[in-house]
Amino acid sequence: MSNNQFNSEFPIVLVKNLPYEVTTQELYDLFNKFGNIIEVRKGIENHLKGNCFVVYSDLKSAKSCLENLNGFNFKSRYLVALLYQIDSHKINDIKNELIQVNNKSIHTK
């Protein structure tokens, strides 16, 4: 998948090296500067603490976030921002599984 194609449908930015005590509101305030946010997911499990996923409504906003926040000093931490790659094959597999489950439930009624 080329850089121009991935994440066009789901522009998600993965941000690493966040302070553990950062609030969701602080994250919205930080990321909202770059475009319309659909969702922010903050890692709460031990292996995900200090990370978050930011879903933007368009790819242009996600790229603006990357350009401005990668290496940005936020609360004495240098952030690492990356476009999160979604495997389109996995999405299609999940969609196909859901279709099969729905078809089975229709036939068993």
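Rules used in this analysis
Residues numbered from 1 in each chain as written. Predicted model: local features only at pLDDT ≥ 70, side-chain atom pairs only at ≥ 80, totals over all residues. Heavy atoms only, no water. Helix = DSSP H or I, 4+ residues; strand = E, 2+ residues; numbered from the N terminus. Contact = heavy atoms within 4.5 Å. Areas by Shrake-Rupley, 256 points an atom, 1.4 Å probe, with all protein chains shown as cover. Pairing = 2+ DSSP bridges. Axes fitted to C-alpha atoms, helices over the stretch in contact; angles between N-to-C directions. Core = buried A, V, L, I, M, F, W, Y, C linked by side-chain atoms within 4.5 Å. Buried < 20%, exposed > 50% of the residue type's maximum accessible area, 1.4 Å probe, protein only.

J.: I would appreciate a short explanation of the overall build of the chain in the present structure.
T.: Secondary structure assignment for the chain yields three helices and six strands. Reading the helices (α) and strands (β) of the chain from amino to carboxyl end gives β-α-β-β-α-β-β-β-α. Considering only intrachain contacts with a sequence separation of at least 6, the fraction spanning at least 24 residues in the chain is 63%. Put simply, the chain shows about 7,600 Å² of open surface, and 51% of that area lies on carbon and sulfur atoms.

J.: What should I look at first to understand the sheet that holds strand 2 (residues 37-42) in this one?
T.: Where strands meet in a sheet, backbone hydrogen bonds hold them as pairs that are either parallel or antiparallel. Taken together, the four strands give an open sheet; going across it, the order is 2-3-1-6, and neighbouring strands pair in antiparallel fashion. Where the open sheet ends on each side, the last strands, each with one partner, are strand 2 and strand 6 (80-83). With direction set aside, neighbouring strand axes in the sheet form an average angle of 20 degrees. Where strand 2 and strand 3 (residues 52-56) come together, five bridges link them in antiparallel fashion. Along strand 3, the bridge assignment pairs Lys42 with Cys52.

J.: Teacher, can you tell me more about the nonpolar core here?
T.: Note on soluble globular proteins: their nonpolar side chains tend to be buried together. Judged by nonpolar contacts, the single largest core of 22 residues is most densely connected at Val13, Val15, Leu18, Phe31, Val54 and Tyr56. Contributions of two or more residues to this core are made by strand 1 (12-16), helix 1 (24-31), strand 2, strand 3, helix 2 (59-69) and strand 6. Per-element tally for this core: the top contributor is helix 2, with five residues. If we skip the residues at most four places from it in the chain, Val54 touches Pro11, Ile12, Val13, Val15, Phe31, Ile37, Glu39 and Val40.

J.: Hey, could you run me through unusual backbone geometry in this one?
T.: Glycine aside, negative phi is the norm for most residues, and most peptide bonds take the trans geometry. With a phi close to 55 degrees, Lys75 is a non-glycine residue in the positive phi region. Position of Lys75 among the secondary structure elements: in the loop between strand 4 (73-74) and strand 5 (77-78). With relative accessibility at 41%, the residue Lys75 sits in the partly exposed group. Despite not being glycine, Ser76 has its phi angle at roughly 65 degrees, a positive value. For Ser76, the position within the fold is in the loop between strand 4 and strand 5.

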